[in-house]
Amino acid sequence: SLHALDLAHVVHQQTDLDAHAREGALLIARGEGVHVWDTEGNRYIEAMAGLWCASLGFSERRLAEAAYRQLLELPYYHTFFQKGHEPSVRLAEKLTAIAPRGLNHVLFQCSGSEANDAAIKLIWYYNNLVGRPQKKKLIGRIRGYHGNTVAAASVSGQPHMHADFDLPYGGRFLHLSNPHYYRAHEPGETEEAFSARMAAELEALIEREGGETIAAMFAEPVQGGGGAITPPRGYFELIQPILKKHDIMLVADEVICGFGRTGNLWGSETYRLEPDILTCAKQLSASYQPISATLISDRIHAALIEGSRKNGTFGHGFTYGAHPVACAVALETLKIYEERDILGHVRRVSPAFLEGLGRFRDHPLVGDVRGIGLIAGVEVMADKARRTPFPPERKAGLVVQKACQDNGLIVRAIGDRIAFTPPLIITEEEIAAMCEAFGRGLDAAW
Ligand code: PLP
């Protein structure tokens with residue numbers, strides 16, 4: 001059977017492989033709108049949009065047709081050796097027009113990890129070219145997630161991605177605490193006071209390491225893989241001036257937040273970030289094709305040109321970077337977002353989404369619910385009054401995730417936080433059905 005072949009040959013990614021070997025996987029066969037069907041014919045509301053990415057759901061024909069048209073016209077070309085092609089030019093023009101101010105140049109890759117990896121390489125390269133080779137350390141945050149390549153995983157703060165992988169974590173890669181107010185605030189501490197404590201930690205880190213050794217800080221506007229964690233009030237307002245004071249770049253990782261997830265085009269807009277570099281992927285093409293982008297400023301771009309005067313060829317690039325089919329699909333995606341006013345739609349349905357999930361605050365298993373736009377996290381707690389988590393061996397989050405699956409709902413447990421990031425096209429009726437299924441799942445887990 002397909003399941004037996006899967007067990008025999010597919011190494012699943014980001015999966016408990018021991019559990020997979022015993023239990024197998026849910027194999028998805030097809031999708032329509034916000035729903036997917038497994039190989040046994042069971043239907044699920046896909047409340048994670050796959051991996052926070054299928055923004056237009058699972059059956060957008062216009063994207064399939066855009067890919068087909070481009071495949072017939074020019075199925076492959078690259079941007080190496082002073083060559084190029086129209087879809088990459090058009091997409092770069094569009095992206096820089098809608099990007100935060102000053103980000104006028106784009107490198108294309110296939111994944112969010114590569115976008116962040118490219119950012120890291122460019123930051124190091126830039127600092128060498130402008131004559132400050134000692135300014136190389138990078139700041140990430142515990143439970144921050146920026147991808148899987150060696151460098152992107154190192155700037156990430158995900159313990160399971162570091163254990164036994166021998167990444168160069170530590171050394172050039174520094175980490176701040178996770179600004180997760182609900183879990184980490186002291187009794188009686190306000191959100192603002194908590195943010196001030198987080199900012200003081202950044203200042204102490206810079207003091208300890210020396211600002212002249214630190215090149216950049218990476219931050220997701222809303223943390224995704226860390227647990228769908230919105231920043232506490234005042235956090236970025238305090239963090240940004242500290243970075244500016246020490247000439248430390250801010251890299252906004254918009255791989256999840258970009259293209260409407262928080263109710264604005266960029267999470268940077270929602271939280272008033274002024275990034276020096278912005279990375280995006282996923283919803284850039286509604287994930288119908290793998291593509292990511294690293295947007296950089298004129299200042300960094302000028303240094304790259306200077307670098308070629310010194311070193312010759314800009315020694316960076318991927319065979320499938322700026323793939324024409326992926327660019328064509330991304331362009332069509334951005335067109336659909338505008339034509340259908342997807343941002344307006346997210347803003348209109350967001351209250352139903354946040355209030356619908358917010359009602360679970362009364363459930364005995366739920367300690368907190370937080371979100372913005374169409375991203376939210378639900379905290380599953382053993383004793384909500386005392387903010388006591390379940391012991392890790394209970395795997396409470398996974399128990400809830402499985403109970404939801406049994407009730408026709410795909411969500412993601414991140415530890416004991418249940419993340420929701422449905423396709424951006426979800427309707428209020430589908431949100432109501434999502435919440436109903438979640439309620440059944442929670443009750444079954446309880
Ligand atoms: N950055 C963020 C914020 C992400 O959430 C992810 C993936 O979930 C990545 C980077 C890595 O993207 P990819 O899996 O496309 O390499």
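These numbers were taken from a predicted model, which means no experiment stands behind them.

Visitor: Explain the overall build of the protein here, please?
Guide: Across its full length, the protein carries 17 helices and 15 strands. Dimensions of the protein, computed from C-alpha atoms along their principal axes, come out at roughly 65 × 60 × 45 Å. Of all intrachain contacts in the protein linking residues separated by at least 6 positions in sequence, the fraction that spans at least 24 positions is 71%.

Visitor: Can you help me understand the nonpolar core in this one?
Guide: The nonpolar side chains of soluble globular proteins are, as a tendency, buried together. One finds Leu138, Ala216, Leu295, Val329, Ala330 and Leu409 to be the most contacted residues of the largest nonpolar core, which totals 130 residues. Examining the composition of this core, we find that nine residues originate from one element, helix α14 (residues 324–339), more than from any other. For this core, the two domains that each supply at least three residues are domain 1 (2–59 + 342–445) and domain 2 (74–339). With residues up to four places along the chain from it excluded, the contact list for Leu138 reads Ile120, Val155, Arg172, Phe173, Leu174, Ala215, Ala216 and Phe218.

Visitor: I would appreciate a short explanation of the sheet that holds strand β13 (residues 409–410) in the present structure.
Guide: Picture the strands of a sheet paired through backbone hydrogen bonds; they go either parallel or antiparallel. With respect to topology, four strands assemble into an open sheet ordered β1-β2-β3-β13, the strand pairing being mixed. The sheet is open, and its two borders are formed by β1 (28–32) and β13, each paired with just one other strand. By the bridge criterion, three bridges tie strand β2 (residues 35–38) to strand β3 (residues 43–46) in an arrangement that is antiparallel. In the strand pairing of β3, Trp37 is matched with Arg43.

Visitor: Help me understand the site of the ligand, please; the structure alone is not making it clear to me.
Guide: Lining the immediate surroundings of the ligand are 16 residues, of which Ser111, Gly112, Ser113, Gly147 and Val255 lie closest. Tallying contributions element by element places helix α6 (residues 112–129) first for the shell around the ligand, with three residues. When its residues are assigned to classes, the shell around the ligand shows five nonpolar, nine polar and two charged.

Visitor: Even after reading the chapter, I still don't get the pairing of β1, so can you show me in this structure?
Guide: Along any regular strand, the residues point their side chains to alternate faces of the sheet. With zero of its five residues buried, β1 lies for the most part at the surface. Where β1 meets β2, four bridges bridge the pair, whose relative direction is antiparallel. Along β2, the bridge assignment pairs Gly31 with Val36. The turn joining β1 and β2, which pair antiparallel and follow one another in sequence, is formed by two residues; a positive phi near 60 degrees is taken by Gly33.

Visitor: So what exactly am I meant to see when it comes to the sheet that holds strand β14 (residues 412–414) here?
Guide: Taken in spatial order, the four strands line up as β11-β12-β15-β14 in an open sheet, and their pairing is antiparallel. A single partner strand is all that each edge strand has here, and the edge strands are β11 (366–372) and β14. Taking each pair of neighbouring strands and ignoring which way they run, the sheet shows an average axis angle of 25 degrees. The sheet contact formed by strand β12 (residues 375–380) and strand β15 (residues 417–420) spans four bridges and is antiparallel. Looking across to β15, one finds that Ala376 is bridged to Phe420.

The rules behind each value
Residues numbered from 1 in each chain as written. Predicted model: local features only at pLDDT ≥ 70, side-chain atom pairs only at ≥ 80, totals over all residues. Helix = DSSP H or I, 4+ residues; strand = E, 2+ residues; numbered from the N terminus. Contact = placed C-beta atoms within 7 Å. Core = buried A, V, L, I, M, F, W, Y, C linked by C-beta atoms within 7 Å. Buried ≥ 20, exposed ≤ 12 C-beta atoms within 10 Å, placed from the backbone. Domains from an automatic or database assignment. Pairing = 2+ DSSP bridges. Near = placed C-beta within 6 Å. Nonpolar A, V, L, I, M, F, W, Y, C, P; charged D, E, K, R; others polar. Axes fitted to C-alpha atoms, helices over the stretch in contact; angles between N-to-C directions.

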